[in-house]
Amino acid sequence: MKPQIIPIENKFSNEVVDLILNIQQKEFNVAITIEDQPDLLNIQNFYYASGGHFWGAFINDELVGTIALVKFNDTQAAIRKMFVKKEFRGKEFSIAQKLLDTLLDYCNENQIDDLYLGTITVLEAALRFYERNHFIRIEKESLPDTFPVMSADNVFCHLKLKK
């Protein structure tokens, strides 16, 4: 069962909302609603219009993972909405890695030099995953002024893509 990674558009909004809200609310007890994330209801305007992107990982036509890129200036972008269904996590499927690799390829092809992300401390496995992929934790004060901070985020990371 090899995941297929494809660009996600508005027609997948319901599947995206179901996947993400289930993980946020039920698995990690994060007090966040769809009202807090209007981007999920208008993926094309929110992500693609500014030069960003949104991908989904599908296995047998089921959405099992997502990752998105928000471009917030010419050479800098933020990772958003990195979620993988619990039963598809880990090395057996490597869905998170394939999603991240897809995003990194896009960054390299589109002159994005710096990648940032915000997350929350409870997502410890996610933080370890980013650190294995050479992201470095930084203080919130070190973020670029134009970085789109989410209210729940309390851990921030940076990856320099161009030396």
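Per chain, residue numbering runs from 1 following the sequence as it is written. Predicted model: local features are reported for residues with pLDDT of at least 70 only, side-chain atom pairs are reported and counted for 80 or more only, and whole-chain, interface and lining totals are derived from all residues. Hydrogens and water molecules were not included; the side-chain quantities draw on all heavy atoms of the structure.

Here we come to unusual backbone geometry. Here N60, not a glycine, exhibits a phi torsion of approximately 50°, which is positive. A run of DSSP states H or I qualifies as a helix once it reaches four residues; a run of E qualifies as a strand once it reaches two. Both are numbered from the N-terminal end. Within the secondary structure, N60 is located in the loop between β2 (53-59) and β3 (62-71). Positive phi values are uncommon outside glycine, yet H134 reaches one of about 75°.

Below, the discussion takes up the sheet that holds strand β4 (residues 76-84). One bridge is not enough; two strands pair if DSSP finds at least two bridges between them. Across the sheet, which stays open at both edges, the seven strands sit in the order β1-β2-β3-β4-β5-β7-β6 with mixed pairing between neighbours. This sheet does not close on itself; its edge strands, each paired only once, are β1 (4-7) and β6 (136-138). The mean angle between the axes of side-by-side strands here comes to 30°, regardless of whether they run parallel or antiparallel. Where β4 and strand β5 (residues 114-119) come together, four bridges link them in parallel fashion. For A77, the partnering residue across the bridge sits in β5 and is L115. Should any heavy atoms of two residues lie within 4.5 Å, those residues are considered in contact. Fitted lines through C-alpha atoms serve as axes, helices being fitted only where they are in contact, and the angles separating the N-to-C directions of these axes extend from 0 to 180 degrees. The sheet contacts of helix α4 (residues 124-132) involve β4, β5, β6 and β7 (155-160), and relative to β4 the element is tilted by about 130°.

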